[in-house]
Amino acid sequence: MSMQSLDIQRRSATTTPSPDARQTLEVAKLIDVSKCIGCKACQSACMEWNDLRDEVGSNAGIYDNPRDLSDQSWTVMRFSEVEVQQGKLEWLIRKDGCMHCADPGCLKACPSPGAIVQYSNGIVDFHEENCIGCGYCITGCPFNVPRISQKDNKAYKCTLCSDRVAVGQEPACVKTCPTGAIVFGSKEDMIDHAQERIADLKERGYDNAGLYDPQGVGGTHVMYVLQHADQPELYHGLPKDPHISPMVGLWKGIAKPLMSFGLGLVALAGFFHYIKVGPKEVPEDEETES
Amino acid sequence: MTNHWVDIKNADLILIMGGNAAEAHPCGFKWVTEAKAQRKARLVVVDPRFTRSASVADYYAPIRAGSDIAFLGGVINYLLTHDKIQHEYVKAYTDATFVVREDYTFENGMFSGYNEAKRSYDKATWMYELDKDGYAISDPALQNPRCVFNLMKRHYARYTPEVVSNITGTPRDQFLKVCETIATCSAPNKVMTIMYALGWTQHSVGSQIIRTGAMLQLLLGNIGMAGGGMNALRGHSNIQGLTDLGLLSNLLPGYMTLPGEKETDFQTYLDKRALKPLRPGQMSYWQNYPKFHVSLMKAWFGDAATRENNFCFDWLPKLDKVHDVLQVFEDMNQGKMNGYFCQGFNPLASFPNKAKVGGALAKLKYLVIIDPLVTETSTFWENHGEFNDVDPAKIQTEVFRLPSTCFAEEDGSLVNSGRWLQWHYKGAEPPGEARGDNEIMAGLFTKLKELYKKEGGAFPDPILNLTWGYKIPHAPAAEELAREFNGKALADLTDAKDPAKVLVKAGEQLASFAQLRDDGSTACGCWIFSGSWTDKGNQMARRDSSDPSGLGNTLNWAWAWPVNRRVLYNRASLDPAGKPWDPQRKLIGWDGAKWGGTDVPDFKPDVPPGDPMNPFIMNPEGVARLFAIDKMAEGPFPEHYEPFETPIDTNPMHPGVISNPAARVFKGDMEAFGKAKEFPYVATTYRLTEHFHYWTKHARINAVLQPEQFIEIGEELAQAKGIKAGDKVKVRSNRGYIKAVAVVTKRIRALEVAGKKVHTVGVPIHWGFQGLAKNGFLTNTLTPVVGDANTQTPEFKAFLVDIEKV
Ligand code: SF4
Ligand code: SF4
Ligand code: SF4
């Protein structure tokens, strides 16, 4: 999705400066899990707005459907039945999808110049025309979000509706959410709103209610209000303290010198050829040799 | 709804029971979220399953499907024994003080007047004692043991927490916790709303469950209050409009009723409905019935309806009995019908005992389907393997399919649950040969009329004389119909006090039903819609969302019946002296000369506070009924009766009377009921957010979101039956079986009922053998044919099944 080009703060595998003539406000989407009723209107809005249609699947004995993120499903609801307190059942329903990390592991891991960009508003966007389908973004992502399409071998994920946001609209899922469980605005406002929600939850007996804005990835532009912020894993395995895998740092260490020394394009192309058709997990020795 | 969707935000406590608003009404549910976020409201959910609504509730209590009256009766008992009622309200605005006839009795589960052969009651004894003037006798001191309050107290004293827990399976402490929470709303400034839907209506005692909820709300003083009321969440976007326009077999538009076969005299017909006040000084608004009725007949038959011919009263069908859908399919099954028109209706999927419905359709000569989609009913004759195992060669029914538009392809109004008529505009042209329903019906009508004209026929008069002044006779516009429902003057209407003054000129649209006359000078197609299209134009199309009071009564947004009133009975939000029970919820007020406010007052505009006239102006007694007098089929006080298929084979309240003694059961259907010995589990059917009835399985996105048929069971039952999540299972009732994927969940738990462990099998309804989702079984293969004794709404929420892994 290359709708925006004037306000990019970083690009994958690129050392030249990014175009940043325009500065945009840092935005965030706040998902209040305590308000979400799991209606999947957001899933359907995402399909509608982005013109995506996943396959009609099957039921695996759970409510979750489609069962996982895919090139056609950029967000899915994850349903978890838990008993945090003995005898008090809770049905925690979390909208899963890209977190739009301030420090995006996908972008850092991506070897293809400009396939992943981050705008100055914080949105991390995939520019599929530059994607080589290597799948490094998946390895780099601490939230297991990007998916490679079987059809075109490109990586896809939630764009935070960068096309809508660029023209001053809220993301499609936000607009659709009937309960107001998803809200969108400046990151600052979203944090303020979250604090109000957390106060309400504490008053209702959720002593550990809190905001999920993990600092291990520099904070995120998709945040959650959680009833049990002390145990994010309850929410279908939301990582407690996500970090970019050390593997990514390793690759970066090599890529940078490659770029800056301006080694022959032939060498670069050869490398990319390998990773495009090669295994998604890059063997360590391969990396050191390149 | 007595109130409306937006008003839910004014509640302090929201009880969702007999419904699952988050699941089935996600958009309206936003007002629950709003009440929680802005007012710190608490949400309590009581349901056999821990639902999507429960997932955001402050408190959840389980209940056995079909035992709601026991639960609510227990709450009533709790309120009465703990003195947690709004005394002043109950005394002033209900029939609590009225004395009931001496010969009224309730013994061993039966009320006085039962006729076993007819399975119905003679309701004469279910009445107040009247004085010589015909007024109900009242005992304001509540000393008389036969006053409604004391009878009610006695009736519900039997519903102790132990008895309730034993019947409902709700653990005693959880039941009491719900009671305590509800009891807080007896304070005049604390208000509870009740949101319910088919989870209450689809029982053989459905209407009585709703009444029990209403009684509860009256005891708490919550009817007429902003944030209170009894709020039925209607399932289809225009099902409210359907009932308003009288599309039930015994109704006329605006909740008027068709005459019975013995009611051949016009005046007697009117007198019986134009009820005289039962207490001094009451409005008894139905006294205006003749005006509504005559205006309807003028709208229908125009000049042909005259005083001399009783405004064509003789042309109205006279009912021998109620011809509801269950009755119609019974008749069809007995071969008594030749043809059937099925408009926007999929009975093979929507009505109980699919085998019976399919068999009945096969006996027709012809079946006409008017629908935008390929419904299962339209292809009932096709073999779809196990899903519809019929032999087409043996079915001779000729099926005509007339493709119609869907709502987005037509102009018109929809009436929402809150009684708002909202105008909408066509968003797209219909595909192919599809035509609007108006056009299809009008096309048929004009053809039939020609035939009657040419050939005469047995009784051509009503057809030949039906008013049909539409610009394009075979395609009346929505605007034309809407104007007709609103009504117009047929002659100059003059002021009663000053005959020289013309109020409405002949031909002009009426401003409201207050202008209707019973002399034939007004025409009105649906009196409660009068005011929706006045000389000021289409009121339903108004889109001003300003809300000066902040209570959400946006009087300039669309139009609500009656007379744009948003909260019914709002006079009851003030005490008799006119002081609001809660100043923060002030809806209306007296300005010294008339009533006014941020809602349209539900009262006679010029009757001052302190007058004996009471707020429930539609009732001849002027107050709300805790004792339903003769209005309900099975008794004036709701009583717990077991579903016709009960898992416990008895009724712990009275083992001699197990199920609703006044429910109609056809021969053959009784035999088709299953017994707990063979079918030990309680099944309940319901809807999922991802789908709308049997429609959205035709839409790709919905099919993606919930692709395949499943059922839900608790972990304990799953373990006992060796069923794991994702396994294919067979669910069997005495009428048939379905196969589906098992969802095994903590959200359904086994309940202890009458010393027995009762398991629940949840059966979502949305699949069938047409559409884009994976083909599945119509769940009404399983359900029993018995309806609520008053409305004949089928008992889809509680029946018996067995389950096994396949
Ligand atoms: S969640 Fe994953 S895909 Fe999304 S920005 Fe973070 S690292 Fe990239
Ligand atoms: S922000 Fe846009 S792309 Fe992302 S989940 Fe919502 S609708 Fe889909
Ligand atoms: S639309 Fe809103 S309430 Fe519905 S599932 Fe998505 S986040 Fe939850």
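Residues numbered from 1 in each chain as written. Chains lettered and ligands numbered in written order. Predicted model: local features only at pLDDT ≥ 70, side-chain atom pairs only at ≥ 80, totals over all residues. Heavy atoms only, no water.

1. Structural notes on the site of ligand 2
The immediate surroundings of ligand 2 are formed by 13 residues, with A:Cys46, A:Cys158, A:Leu160, A:Cys161 and A:Cys173 found nearest. Elements represented by at least two residues in the shell around ligand 2 include exactly helix 1 (41–50) and helix 5 (172–176) of chain A. (Near = heavy atom within 4 Å. Helix = DSSP H or I, 4+ residues; strand = E, 2+ residues; numbered from the N terminus.)

2. Some details on a nonpolar patch on the surface
Taken together, the side chains of B:Phe341, B:Tyr366, B:Phe400, B:Met441 and B:Leu444 present a nonpolar region at the surface, about 410 Å² in accessible area. Taking the relative accessible area as the measure of exposure, B:Met441 reaches 37% and is therefore partly exposed. (Patch = residues over 30% accessible without salt bridge, like charges linked within 9 Å, V, L, I, M, F, W, Y side chains within 5 Å. Areas by Shrake-Rupley, 256 points an atom, 1.4 Å probe, with all protein chains shown as cover. Salt bridge = Lys/Arg side-chain N within 4 Å of Asp/Glu carboxyl O. Buried < 20%, exposed > 50% of the residue type's maximum accessible area, 1.4 Å probe, protein only.)

3. Things to note about the sheet that holds strand 2 (residues 27–32) of chain A
All names here are of chain A. In space, the four strands of this open sheet follow the order 9-2-11-10, with mixed pairing throughout. Edge positions in the sheet fall to strand 9 (182–186) and strand 10 (210–212), since each has one partner strand and no second. Shown here is a sheet whose adjacent strand axes are inclined to one another by a mean of 25°, direction ignored. With four bridges joining them, strand 2 and strand 11 (residues 222–226) adopt parallel strand pairing. (Pairing = 2+ DSSP bridges. Axes fitted to C-alpha atoms, helices over the stretch in contact; angles between N-to-C directions.)

4. Describing a negative patch on the surface
Residues A:Glu188, A:Asp189, A:Asp192 and A:Glu196 make up a contiguous surface patch of negative charge. Inspection of the secondary structure assignment puts A:Glu188 in helix 6 (residues 187–203). (Lys, Arg positive; Asp, Glu negative; His and termini not counted. Charge placed at Lys NZ, Arg CZ, Asp CG, Glu CD.)

5. With respect to the interface of chain A and chain B
Across the boundary between the two partners, chain A contributes 37 residues, which contact 43 residues of chain B. Of the roughly 3400 Å² buried where chain A meets chain B, counting both sides, 58% is carbon and sulfur surface. For the pair chain A and chain B, the number of links is five salt bridges. A salt bridge links A:Glu203 to B:Arg42, with the shortest nitrogen-to-oxygen separation between them at 3.1 Å. Counting only elements with at least two residues in the side of chain A that touches chain B, the list comes to helix 1, strand 3 (75–85), strand 4 (88–97) and helix 6 of chain A. Classifying every residue of the side of chain A that touches chain B by side-chain character gives 14 nonpolar, ten polar and 13 charged. (Contact = heavy atoms within 4.5 Å. Buried area = accessible area lost by both parts, 1.4 Å probe. Nonpolar A, V, L, I, M, F, W, Y, C, P; charged D, E, K, R; others polar.)

6. Points about the sheet that holds strand 2 (residues 42–47) of chain B
Residue and element names in this part refer to chain B. Here five strands make up an open sheet; going across it, the order is 3-2-1-8-9 and the pairing parallel. The sheet terminates laterally at strand 3 (59–62) and strand 9 (230–232), the two strands that pair on one side only. Strand after strand, the sheet turns through a mean of 20° between neighbouring axes, direction not considered. Alignment of strand 8 (residues 192–196) against strand 9, held across three bridges, turns out to be parallel.

7. Structural notes on the site of ligand 3
As a matter of local geometry, ligand 3 sits amid A:Cys36, A:Ile37, A:Gly38, A:Cys39, A:Lys40, A:Ala41, A:Cys42, A:Met77, A:Cys177, A:Pro178, A:Thr179 and A:Ile182. Class assignment for the residues of the shell around ligand 3 results in nine nonpolar, two polar and one charged.

8. Here's the deal with the domain arrangement of chain B
Quite often, the size of an interface is put as the accessible area lost when its parts meet. Here chain B is described as being made up of domain 1 (6–235), domain 2 (259–318 + 477–539), domain 3 (325–416 + 420–463) and domain 4 (681–805). Computed from C-alpha atoms alone, the centre-to-centre distance between domain 1 of chain B and domain 3 of chain B is 38 Å. (Domains from an automatic or database assignment.)

9. Focus: unusual backbone geometry
Excluding glycine, residues mostly have negative phi values, and the peptide bonds linking residues are mostly trans. Look at the link from A:Asn65 to A:Pro66: it is a cis peptide, with omega at -10°. Relative to the assigned elements, A:Pro66 resides in the loop between helix 1 and strand 3. A cis amide bond links B:Trp561 with the next residue in sequence, B:Pro562, at an omega value of -10°. Mapped onto the elements, B:Pro562 comes out in the loop between strand 23 (559–560) and strand 24 (588–590). Its identity is not glycine, yet B:Phe311 carries a phi of approximately 50°, on the positive side. Here B:Phe311 lies in the loop between helix 12 (289–301) and helix 13 (325–333). Of note, the phi angle at B:Arg419 is positive, near 70°, even though the residue is not glycine. By the element assignment, B:Arg419 lies in the loop between strand 15 (412–415) and strand 16 (420–424).

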